[in-house]
Amino acid sequence: MSLTTHFPLCFLFSLFQMQFMLLFSRQGKLRLQKWYVPLSDKEKKKITRELVQTVLARKPKMCSFLEWRDLKIVYKRYASLYFCCAIEDQDNELITLEIIHRYVELLDKYFGSVCELDIIFNFEKAYFILDEFLLGGEAQETSKKNVLKAIEQADLLQEVRHRMKSK
Amino acid sequence: MALKIVKGSIDRMFDKNLQDLVRGIRNHKEDEAKYISTCIDEIKQELKQDNIAVKANAVCKLTYLQMLGYDVSWAAFNIVEVMSSSKFTYKRIGYLAASQCFHESTDVIMLTTNQIRKDLSSPNQYDTGVALTGLSCFVTPDLARDLANDIMTLVSHGDCVKRKRCSVLIMYKVFLKYPESLRPAFPRLKEKLEDPDPGVQSAAVNVICELARRNPKNYLSLAPLFFKLMTSSTNNWVLIKIIKLFGALTPLEPRLGKKLIEPLTNLIHSTSAMSLLYECVNTVIAGQYCSSVGSVVLCVQKLRILIEDSDQNLKYLGLLAMSKILKTHPKSVQSHKDLILQCLDDKDESIRLRALDLLYGMVSKKNLMEIVKKLMLHVDKAEGTTYRDELLTKIIDICSQSNYQYITNFEWSVSQPVTPHPPGISVSWWTIRVFAVAQMATLLDNAHLLTGSMQRNGICEVLYAAAWICGEFSEHLENPLQTLEAMLRPKVATLPGHIQAVYVQNAAKLFATVLKSQEGNTDSTTAQETSQLMIDRLPLFVQSANLEVQERASCILQLVKYIQKLQQKDVEVAEEVIALFAGELNPVAPKAQKKVPVPEGLDLDAWINEPPSESESEDEQPKAIFAKEEPKHSRPRHTEVDEKELARRREARKQEQANNPFYIKASPSSQKVYQDAPGVEHIPVVQIDLSVPLKVPGLPMSDQYVKLEEERRQKERAEKKKKEKKKRKEKRSGRGKKHDSGPESEEDITPAHMVDIVTEEMPEVRCVSLQIQFSTSRIFNELSPSSFWVFNEKKSSKHKKKKQKKEKEEKEKKKKKKKHHHHHHHSDGGGEESVQNGTVEEEEPLPVSVYDIQGNLQDGSQVVVSVIFENKCDSFLKSMEFNVLDSLNSKLQRPEGSGPHDGLTVPFQLPPGVSNEARFVFTVQSIVMPQKLKGTLTFIVKDSSTHEKLDFKLHFTCTSYLITTPCYSDAFAKLLESGDLKGSSVRLEGVNMPFHHLLARICFHHHFSVVERIDSCASMYSRSIQGHHVCLLVKTSGQTVSIDAKCDEPTLLGNVLDEIKQTFSQC
């Protein structure tokens, strides 16, 4: 109808609530990355570099949110690891913080008091847990027990095959 | 074959697995790149083998390297190979690698279609799981098109709950990539909203919420279903999603807001989950719930709790949400000023910045001084340059907001060392010149304090302004000689060049004044001493490296030498020297130059000397802003000049005006929706060196001003009370301007010096006062007033004069009902038509009402009508009920549960002679036609306890749906070019007024803004609350005015033109 009605649409044109999730160490080393928006490698690298710098520059007592470009960044530090998510403007920061916390709890349960090395050496496992928990940036399973059960069963399947193969 | 397998596994034993790779990288910190390149070579070898286990291992390592930033796109095909392995272990690794490495431009993706289809329909739920996860990351339009059906099958027939859940979620991605799939899939998606499994249900809610956020209109029909879910669900994740969805739907269906407000407030009260609470609060704020002030108050209370919490995160979010409320309900936020100011002490910088933002919006005339005082304290304390800069910028913004609208005491503002544009202020408001000069002289005298440790260009910029003020208004100086001496100190030479130049120039002006005063004396030696002082000090500046300083200094030096010679011959020179700088500077309106007629035979476009080249002519621009007024270049009126050039010149002119203190900028009161970014960079003060004490001895401290100001206000208040009593009597006689003394306490504060912000084009003083009032109310309310009318109850305007004369007698009679017609406009029609109603209660005492219809910017279908009720009789009125007969198109919004014919109770009673304002919200569906609504007001007169009734009509003109919106000429041109607009035109004959009056009238009465004006032709723009663009091209020749108009809604345009025509037919 009028010109203005077309305009906001391009702002709304973005995907599910979480755009991406990054895990990086205090030294700025990337430990895990999950992108829920299609971006080229070059862009991904640029964003990662910028964000890691921005987040690491923040003082420990500062709040977990910051505005970055047109996104909201929610991050939290657990021991030596930073968990960092990007969400859209209308999204709820607190629920994102909750998602991060859930994920950390899941890792903790799976690895048994998780540390950075666990994630470095078993990075594919960390991805599997994340995928089981979030799908396309949206929490698909909110029960911790169910997520772990699914992962364990899949692992079991993997091992059974391994054993069968080695026989 | 067996041997091959054995060989493969032996190979594997020697291969590096992922762990080895990671360990290796950690052990080769120094030559990581080299190590990795050898690893990649190994991986390439591994990928060449047939053994799928080796390949999977290699792909797994590649995934890790990809995360480290290495390019692995060359292995895309190998990843597909691993994906298609029949073994879950490898498949899982393959899909993981694909989801990390593939993107839309990866060409091998098209090879995966069949594999994915196979995995989706696999009996093994884990195969399906990894396929769905992978798909969610790398789905392309092609994949979405090919696999949409398979996913749909999973959604409807999937036996496994988990698979169903995933496939529902993945549908959203598919819809995004392949929108055609949405229509056939939607019914099934809708079914899933009522799925017995809460997980599937929440997945469906998720998907529909996200879809609805993109295009809410199509999902309105689901509102009842979601409402049911919302009241029954206990899952916070789902609730948050639903509430978000309603947030998107309410703007389309305002009734929804009414219905939602109760469950939302319940949730706010009951929930313990902060995320849910925050979501509810946000939705209430963003939604159109203007009728329920209660919920806003509740939100503010809850937010206060958040802000008071020790958790930084909650504090931050609380402030963020507060700033959203501030835009719509500033009053309720302002009462928490103390809390916000506390946040300035927080250790978290981002919280402090948020608080600053909030303060900016909270400033009013009353609290400006207090807030700025607090902020100045923080400037002293602040650590870190970014935060300090931000603080200063904010202080400047706060002060200069809307052209100094909130500054009631300019004396105070001048005494603040960081106040922007002191020259601007002191030129524009001559009343404070004397004061400003005294301040600035002290400042100059103590300049060493400021310059002391000034390696960077600290606040010396303020000296630039100070020097100029002292020179220009030197006659107000108490001790000009001392100031002259101060300006010529050798220290000055350390200042930046442009400031030195101003110093030198103004020293000359001062010198003239000093000479004048000294020549009056009989002793001529003092005058000669002064000249000697100049001659002694100036050579320092003559040697300056800065060209401008050098030139000015040497000119003046020669002049002074000449003067000295004359002085030695006892010639009186002071008069002549003064004449050099004669002429008082007065404020000049921005368009004043246009009014100066171009003398006959003068071609302003002709070059005096042919310019050598373009770039050099730029340099010739007079650099010295503060030189004496030189004839300004009038704008060339050549029509041949092309558009670009015009635009460029316009821009340059604007820039010049913005920097030039001689201009009063156009008043912001003309209802600008947004303001141009204030030219912060042009504000002289950029940084303050922290080691510099901001307190300059001799300057009155700002707290003294706060005190003074308070005393002054108290006095005023006392006076006002006296006056008010008088006024009230006057008012009873029905004399106009009720709105001026409304309940708005903000209006009670009179400025220390009356400063009228007047736009040049305003034809009548009366309009100006109205405009100012509008602009104040704007700050508190984002709603834009789109019309200001008077409610004519009975007598038409024709009777106005007669009635005024009668008023006195009538007052004595008192029994007689008086209705008064405020005629602010001569126009806006409707007055005559209203005559016929309300003839019943001739003998009754009645409240007089004034009404004002405001369109709601955020909601194209809402109009707020503010009615001022004034009791003009001498009995107490109570139980007032306001009712309107709804039409199909326009409906009065009534509280939930009341019938369509119930009246709204006016929430106050009216003692005699008192007026109060009530607001009523109307929903309007179509705004293209004007309309009238009939209504009645019933009330009880206390003395006689009789029920009385008053009929009235509300007239909604199309104009009242228009909102003044500024528009730039390029955007305007684009709009016209777009071809979406339909045209219409109208001719007005016999219009006998200057063109700018005509434009002002259209702007004022019909809410247009002038886009561009060239001679007797102007383009104008306005927007309706529903986003229709209305463009006018107004031309005049003689007494005929032709208006060509374009609008995307022809009916609306026709009506607006009719209304414009009526406006001019009545004058």
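Residues numbered from 1 in each chain as written. Chains lettered and ligands numbered in written order. Predicted model: local features only at pLDDT ≥ 70, side-chain atom pairs only at ≥ 80, totals over all residues. Heavy atoms only, no water.

Focus on the overall build of chain B
- Summing up its helical and strand segments, chain B has 42 helices and 16 strands in all.
- Of the contacts formed within chain B by residues at least 6 apart in sequence, a portion of 70% connects residues at least 24 apart.
- Summed over all atoms, the accessible surface of chain B reaches about 48,600 Å², with 53% contributed by carbon and sulfur. (Helix = DSSP H or I, 4+ residues; strand = E, 2+ residues; numbered from the N terminus. Contact = heavy atoms within 4.5 Å. Areas by Shrake-Rupley, 256 points an atom, 1.4 Å probe, with all protein chains shown as cover.)

Side note on the overall build of chain A
- Broken down by element type, chain A carries 6 helices and 7 strands.
- Going from the N terminus to the C terminus, chain A shows its helices and strands as α-β-β-α-β-β-β-α-α-α-β-β-α.
- Expressed as a percentage of its 167 residues, the buried residues of chain A come to 57%.
- Long-range contacts, defined as pairs at least 24 residues apart, comprise 50% of the intrachain contacts of chain A with a sequence gap of at least 6. (Buried < 20%, exposed > 50% of the residue type's maximum accessible area, 1.4 Å probe, protein only.)

What to know about the confidence of the model for chain B
Residues and elements named next belong to chain B.
- When pLDDT is averaged along chain B, the result is 69; 65% of the residues meet or exceed 70.
- By mean pLDDT, helix α38 (residues 765-780) is the weakest element of chain B at 28, and helix α5 (residues 76-83) is the strongest at 90.
- Throughout residues 661-702 the model reports pLDDT below 50, and contacts reaching past four residues in sequence, or to other chains, amount to 113 contacts.
- For this predicted complex, the interface confidence comes out at an ipTM of 0.85, alongside a pTM of 0.53. (pLDDT = per-residue confidence, 0-100.)

Topic: the nonpolar core
- If you look at the biggest cluster of nonpolar residues, it comprises 205 residues, and the most contacted ones within it are Tyr103(A), Phe102(B), Phe226(B) and Phe246(B).
- Sorting elements by how many residues they give to this core places helix α3 (residues 93-111) of chain A first, with 10 residues.
- If sequence neighbours within four positions are ignored, Tyr103(A) has contacts with Met21(A), Leu23(A), Leu32(A), Phe83(A), Ala126(A), Ile129(A), Leu130(A) and Phe133(A).
- Residues Leu495(B), Tyr503(B), Ala508(B) and Ile556(B) belong to the second largest nonpolar core, which totals 41 residues. (Core = buried A, V, L, I, M, F, W, Y, C linked by side-chain atoms within 4.5 Å.)

A few points about the environment of Phe956(B)
- Within the secondary structure layout, Phe956(B) lies in strand β10 (residues 946-956).
- It is 9.2 Å that separates the C-alpha atoms of Phe956(B) and Ile927(B), two residues lying 29 residues apart in sequence.

Observations concerning the pattern of salt bridges
- Inspection of every chain in the model, using the stated rule, returns 26 salt bridges over all chains.
- Here Lys72(A) makes a salt bridge to Glu93(A), at a shortest N to O gap of 3.0 Å. With Lys72(A) in strand β4 (residues 71-78) and Glu93(A) in helix α3, this pair connects stretches of sequence that are 21 residues apart. For the pair shown, Lys72(A) and Glu93(A) are each scored as buried.
- Note that Arg145(B) is salt-bridged to Asp146(B), the shortest N-O span being 3.4 Å.
- Residue Arg145(B) is classed as partly exposed on the basis of its relative accessible area, which comes to 42%. (Salt bridge = Lys/Arg side-chain N within 4 Å of Asp/Glu carboxyl O.)

A short note on the environment of Ala33(B)
- Relative to the helices and strands, Ala33(B) is located in helix α3 (residues 32-48).
- For Ala33(B) and Tyr70(B), which are 37 residues apart along the polypeptide, the C-alpha to C-alpha distance reads 9.9 Å.

Points about the interface of chain B and chain A
- Chain B puts 72 residues into the contact, and the matching count from chain A is 68 residues.
- For the pairing of chain B and chain A, the buried interface totals around 6,400 Å² over both sides, and the portion due to carbon and sulfur atoms is 58%.
- Among the residues chain B hides against chain A, the three largest losses belong to Met67(B), Arg92(B) and Trp237(B). Together they make up 13% of the total.
- Inspection of the region where chain B meets chain A yields 3 salt bridges.
- With a closest N to O distance of 3.0 Å, Asp155(A) and Arg92(B) form a salt bridge.
- Summed over the shared surface of chain B and chain A, the result is 17 residue pairs in polar contact (both at pLDDT 80 or more).
- The element that contributes the greatest number of residues to the side of chain B that touches chain A is helix α10 (residues 161-177) of chain B, accounting for 9 residues.
- Along the lines of polarity and charge, the residues of the side of chain B that touches chain A split into 27 nonpolar, 22 polar and 23 charged. (Buried area = accessible area lost by both parts, 1.4 Å probe. Polar contact = N/O pair within 3.5 Å; in protein donor to acceptor, adjacent residues only side chain to side chain. Nonpolar A, V, L, I, M, F, W, Y, C, P; charged D, E, K, R; others polar.)

Describing the environment of Arg31(A)
- As for its placement among the helices and strands, Arg31(A) is situated in strand β2 (residues 30-35).
- Spatially, the C-alpha atoms of Arg31(A) and Ala126(A) are 9.9 Å apart, while their sequence positions differ by 95 residues.
- If near-sequence neighbours (up to four positions away) are discounted, Arg31(A) is found in contact with Leu23(A), Phe24(A), Ser25(A), Leu81(A), Glu116(A), Ile119(A), Ile120(A), Arg26(B), Tyr64(B) and Met67(B).

A closer look at the packing of aromatic side chains
- Applying the stated rule across the entire model yields 16 aromatic pairs over all chains.
- Pairing Tyr110(A) with Phe111(A) gives two aromatic rings, centres 5.1 Å apart and planes at 90°, and the pair type is edge-to-face.
- Overall, the relative accessible area of 19% leaves Phe111(A) in the buried class.
- Aromatic pair Phe186(B) and Tyr219(B): ring centres 5.6 Å apart, planes at 70°, arrangement edge-to-face. Residue Phe186(B) is located in helix α11 (residues 182-192), and its partner Tyr219(B) is located in the loop between α12 (198-214) and α13 (223-232); the two are separated by 33 residues in the primary sequence. Comparing Phe186(B) with Tyr219(B) shows no difference in burial state: the two are buried.
- Three or more aromatic residues joined by ring pairs make a cluster, and in this case those are Phe24(A), Tyr75(A) and Tyr82(A).
- The ring of Phe128(A) has Arg92(B) lying over it, and the distance from NZ or CZ to the ring centre is 3.8 Å. (Phe/Tyr/Trp six-rings, centres within 6.5 Å; stacked < 30°, edge-to-face > 60°. Lys NZ or Arg CZ within 6 Å of the ring centre and 35° of its normal.)

As for α12(B)
- The end-to-end C-alpha separation of α12(B) is 24 Å, in line with the 24 Å expected for 17 residues at 1.5 Å each.
- Counting buried residues in α12(B) gives 14 out of 17 residues, a clear majority hidden from the surface. (Expected span 1.5 Å × (residues − 1).)

Focus: the side chain of Asp195(B)
Residue and element names in this part refer to chain B.
- Along the chain, the position of Asp195 falls in the loop between α11 and α12.
- Its relative accessible area of 10% is what places Asp195 among the buried residues.
- Aside from chain neighbours lying at most four places away, what touches Asp195 is Lys164, Val200 and Gln201.

Looking at helix α18 (residues 312-328) of chain B
Residues and elements named next belong to chain B.
- Under the 1.5 Å per step criterion, the end-to-end length of α18 is 25 Å for 17 residues, consistent within 8% with the ideal 24 Å.
- The element α18 is largely enclosed, with a buried count of 14 among its 17 residues.
- Capping of α18 at its N-terminal end is provided by Asp311; its side-chain oxygen lies 2.9 Å from the backbone amide nitrogen of Asn313.

Notes on the sheet that holds β10(B)
All names here are of chain B.
- Pairing within the open sheet is antiparallel, and its 4 strands lie in the order β7-β5-β9-β10. At either margin of the open sheet sits one strand with a lone partner, and together these are β7 (904-905) and β10.
- Two elements, strand β9 (residues 931-941) and β10, share 11 bridges in a ladder whose sense is antiparallel. Opposite Gln931, over in β10, you have Phe956 as the bridge partner. (Pairing = 2+ DSSP bridges.)

Description of the packing of helix α29 (residues 480-487) of chain B against helix α30 (residues 497-519) of chain B
Residue and element names in this part refer to chain B.
- Look at α29 against α30: their axes get within 9 Å of each other, and the N-to-C directions meet at 155°. Taken together, the axes of α29 and α30 lie roughly antiparallel to each other. Judged by the sense of rotation from one axis to the other, the crossing of α29 with α30 is left-handed. Between α29 and α30, the contacting residues are Pro480, Leu481, Thr483, Leu484 and Met487 on the first element and Tyr503, Asn506, Ala507, Leu510, Phe511, Val514 and Gln518 on the second. (Axes fitted to C-alpha atoms, helices over the stretch in contact; angles between N-to-C directions. Parallel < 35°, antiparallel > 145°, perpendicular 65-115°, else oblique. Left-handed = near helix turned anticlockwise from the far one by under 90°.)

Some remarks on the sheet that holds strand β5 (residues 81-87) of chain A
All names here are of chain A.
- Spatially, 5 strands are ordered β2-β1-β5-β4-β3 in an open sheet, and the strand pairing comes out antiparallel. On the outer flanks of this sheet lie β2 and β3 (65-68), each paired with one strand and no other. Going across the sheet, the axis of each strand differs from the next one's by a mean of 20°, ignoring polarity.
- The sheet strands contacting helix α5 (residues 123-133) are β1 (18-25) and β2, and the helix crosses β2 at an angle near 35°.

A closer look at unusual backbone geometry
- Of note, Arg69(A) is a non-glycine position whose phi angle comes to about 50°, a positive value.
- Secondary-structure assignment places Arg69(A) in the loop between β3 and β4.
- Backbone geometry at His1007(B) places phi at a positive 65°, although glycine is not the residue there.
- The topology assignment puts His1007(B) in the loop between α41 (995-1006) and β13 (1009-1014).

Comments concerning a nonpolar patch on the surface
- The grouping of Phe77(B), Met110(B) and Leu111(B) at the surface amounts to a nonpolar patch, some 350 Å² of accessible area in total.
- If you trace the backbone, Phe77(B) turns up in helix α5. (Patch = residues over 30% accessible without salt bridge, like charges linked within 9 Å, V, L, I, M, F, W, Y side chains within 5 Å.)

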